[in-house]
Amino acid sequence: MVTELHNVDLKTDEMIINMGPQHPATHGVLRLILTLDGEKVKHVEPILGHLHRAQEWQGQNRTWFQYQALIDRVDYLSGMFTSWAMARACEQLDGVVVPERAEYLRVMVSEMNRITSHLLWLGTYLIDLGAMFGFPFYPFREREKLLDLLEEIAGQRMMFNYIRIGGVQRNPKPEWFDKLKRFTEEFPDRIDEYEAIVTQNPIFLKRTKGVGILKRSVAQDYGVTGPCIRCSGIPLDLRRTKPYSVFPELKFDVITMDKEGDTWDRYMARILEMRESNKIIRQCIDKLPEGEIMGKKQMAGMRIKAGEGFAAVESPRGILGCYVTSTGGEKAFRFRWRNPSFCNLSVLSELLVDTPIADIMAIFGSIDVILPDVDR
Amino acid sequence: MTHDAKPPAAPAAPLEPGQYGQFLKEHGISSERLVDSCGVETIVVAAADLPPALKLLRNSSEVKLDLLITVTGVDNNDTYDSVYHLWSYEHINELVIKVMTKKTDVADGRLPEVPSISNFWSAANWHERETYDLVGIRYTGHPYLRRILNPWDWDGHPLRRDYKQPVDGLNDKNPHSMR
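What counts, and where the lines are drawn
Once a new chain begins, its residue numbering starts again from 1 and follows that chain's sequence as written. Chain letters and ligand numbers both follow the written order, the letters beginning at A and the numbers at 1. The model is predicted, so local features are restricted to residues of pLDDT at least 70 and side-chain atom pairs to those at 80 or more, both for listing and for counting; the totals for chains, interfaces and linings are taken over all residues. A helix here means a DSSP run of H or I that spans at least four residues, while a strand means a run of E at least two residues long, and both kinds are numbered starting from the N terminus. The globule rule used for comparison is 2.2 Å times the number of residues to the exponent 0.38, while the radius of gyration itself is calculated over C-alpha atoms. Counting other C-beta atoms within 10 Å of a residue's own tells you its class, since 20 or more makes it buried, 12 or fewer makes it exposed, and anything in between is partly exposed; those C-beta atoms are placed from the backbone. For the purpose of contact definition, each residue receives a C-beta atom placed from its backbone, and two residues are in contact when these atoms lie within 7 Å. If DSSP finds at least two bridges between two strands, the strands pair. Only the stretch in contact is used when a helix axis is fitted, and all axes are lines through C-alpha atoms; the angle between N-to-C directions ranges over 0 to 180 degrees. Amino acid classes used here: Ala, Val, Leu, Ile, Met, Phe, Trp, Tyr, Cys and Pro are nonpolar; Asp, Glu, Lys and Arg are charged; the rest, including Gly, are polar. Each angle is binned into one of four classes, with values under 35 degrees roughly parallel, values over 145 roughly antiparallel, values of 65 to 115 roughly perpendicular, and all other values oblique. In this scheme the crossing of two helices becomes right-handed for a clockwise turn of the near helix relative to the far one and left-handed for an anticlockwise turn of less than a right angle.

Description of the overall build of chain A
Step number 1: The secondary structure content of chain A amounts to 16 helices and eight strands.
Step number 2: For chain A, whose C-alpha radius of gyration is 22 Å, the value lies close to the compact-globule estimate of 21 Å for 376 residues.
Step number 3: Residues counted as buried form 48% of the 376 residues belonging to chain A.

Quick look at the overall build of chain B
Step number 1: Looking only at helices and strands, one finds three helices and seven strands in chain B.
Step number 2: Moving toward the C terminus, one meets the helices and strands of chain B in the order α-β-β-α-β-β-β-β-α-β.
Step number 3: In chain B, the share of contacts with a sequence separation of at least 24, taken over all contacts with a separation of at least 6, comes to 47%.

Observations concerning the sheet that holds strand β7 (residues 318-326) of chain A
Residues and elements named next belong to chain A.
Step number 1: An order of β6-β7-β8 is seen for the three strands of this open sheet, with the pairing classed as antiparallel. Both outer strands of the open sheet, β6 (307-315) and β8 (332-338), are each paired with one neighbouring strand and no more. Neighbouring strand axes in the sheet, compared pairwise and without regard to direction, differ in orientation by 15° on average.
Step number 2: Two elements, β7 and β8, share six bridges in a ladder whose sense is antiparallel. Paired with S326 across the bridge in β8 is A332.

As for the sheet that holds strand β2 (residues 31-37) of chain A
All names here are of chain A.
Step number 1: The sheet built from three strands is open, its strands ordered β1-β2-β3 with antiparallel pairing. Single-partner strands in this sheet number two, and they are β1 (15-19) and β3 (40-47). Each adjacent strand pair in this sheet contributes to an overall mean axis angle of 20°, direction not counted.
Step number 2: Where β2 lies against β3, seven bridges are found, and the strand directions are antiparallel.

Let's talk about the pairing of strand β5 (residues 94-102) of chain B
Step number 1: Within β5(B), seven of the nine residues are buried, leaving the element largely enclosed by the surrounding structure.
Step number 2: In textbook terms, the turn of a hairpin is the stretch between consecutive antiparallel strands, and for strand β4 (residues 79-87) of chain B and β5(B) this stretch comprises six residues.

Let's talk about the interface of chain B and chain A
Step number 1: Listed by partner, the interface residues are 29 residues for chain B and 39 residues for chain A.
Step number 2: Residue assignment for the side of chain B that touches chain A shows that the elements contributing at least two residues are β3 (67-75) and α3 (123-134) of chain B.
Step number 3: At six residues, the largest contribution of residues to the side of chain B that touches chain A is made by β3(B).
Step number 4: Each residue belonging to the side of chain B that touches chain A can be placed in one class, and the counts come to 18 nonpolar, eight polar and three charged.

A few points about unusual backbone geometry
Residue and element names in this part refer to chain A.
Step number 1: Despite not being glycine, A54 shows a phi value in the positive range, around 55°.
Step number 2: Residue class for A54 comes out partly exposed when judged on the 16 C-beta atoms lying within 10 Å of it.
Step number 3: A positive phi angle, near 55°, is found at S245, a position not held by glycine.
Step number 4: Residue placement: S245 occurs in the loop between α11 (238-241) and α12 (263-287).

Describing the packing of helix α5 (residues 100-128) of chain A against α12(A)
All names here are of chain A.
Step number 1: It is the contact of α5 with α12, at a shortest axis distance of 9 Å, that shows an interaxial angle of 155°. Between α5 and α12, the angle falls in the class roughly antiparallel. The hand of the α5/α12 crossing is left-handed. Contacts between α5 and α12 involve Y104, V107, M108, E111, M112, R114, I115, H118, W121 and L122 from the first element and R270, E273, M274, S277, N278, I280, I281, C284 and K287 from the second.
Step number 2: Looking at the contact of α5 with α12 residue by residue, the class counts come to eleven nonpolar, three polar and five charged.

Concerning the environment of A:V246
Residues and elements named next belong to chain A.
Step number 1: Here V246 shows up in the loop between α11 and α12.
Step number 2: Residues V246 and R106, spaced 140 residues apart in sequence, show a C-alpha to C-alpha distance of 9.4 Å.
Step number 3: If sequence neighbours within four positions are ignored, V246 has contacts with E103, Y104 and V107.

Below you can see the structure in the form of structure tokens.
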């Protein structure tokens, strides 16, 4: 009988499994339709739109002043960058000159925001990998300190509405800079702490080394940006390649991995980026000039000159762009967002093919996707 | 959906072709130059010329516009525009390409058609799906042209100027609503 069984051609079917949208590790509501051959993923189809809030439609139906309060919600972990992208696009059109002090404050708060975003990613990524031992509280400790500082100047923990068209909303008090300086002094030691726990942890290495390798050609084909493409060996960082604001005057390194990036490289790149951001904040505190902080009068009936333009900033997830068409009225004619999460997520169907199902979350988490940013 | 004024009018005299318009002309693709959008060259090409033009711009070693930033659909006053923002991974080159389909050329009940580029440029895949979903431009030859942000059975294209919102069962005044 046994020999007969060996001769039988066992029929193995591919299995279609639905994953999400309510899944603890998808950072929101992403639904994946997986085609599995045993444990191996053969095909992935992401289904988006569960968080679609018609942000572009609202841009056409709100005044400029109303809309700039709304767009922090596009990417709730890095609200400063969405505000900044919109502000830059509108300033380009309108020919507004932003005061230098405002530019330094913008760089300062956005780099703080970049650190908070990477810290939250670090904490949740370790949970995604199964590290349920309380590691997330380490990065969240520092994140809370930064959010307190941001709350002090903006009035809100995460939906700041601090960067406005023409400048920034208000001047921080002198004590605020002292607090921030103290934070930047102790922060590198804290990063050392995280690294001591995570970087050479054998379980972490086993889960991340050689997993989810993003080839350079694939990344370019899919328009991937941010830390993901820098880990694949392309030094694309808008702060350096198309410097905006006061970045030409600041010294910092662009973190580029000189090989085909795997999941561990993307972790390391974000750790190193936090160190660079910390340096940038310290330089900004030292160089901050006195002066005005607003170059355009803020009022409900604000108008932007007619024309069209595209402006982008380097957000924690990649190139965050904003394409605005104005007719000179109180509302925009057309708003279009280029969201880094949307573009980076599209490469997922390429990355997941032929990986075990257990690696899905390790790979998906390492791209650092924010679902409200995908769905808008 | 209301808007205050008309979009910027085209200048009376045709503009001289810029750097990229000249490059395309040398390779036998004609284009028309528009007013620069915030200092970035903006050109219009015919729908049929779009895939060869993008292939040329992406692959040539001198131009190398190999980063597709977005594909945007715009419901303009007289035209449906499909707008392509091209950047480069290595240089600081930028270009905006538009394909404009006149509204009078689109038959009733049909969608404007533009050739898809997602067969040779994967970055365009989701952007084209989104533009189809929200603005209603049909990208011919797209491998999987389905709605991406709205549910698959959604009616209409929400970013069209003539789009009517579905009846809101909770908040509107009609007698059949739930209130």
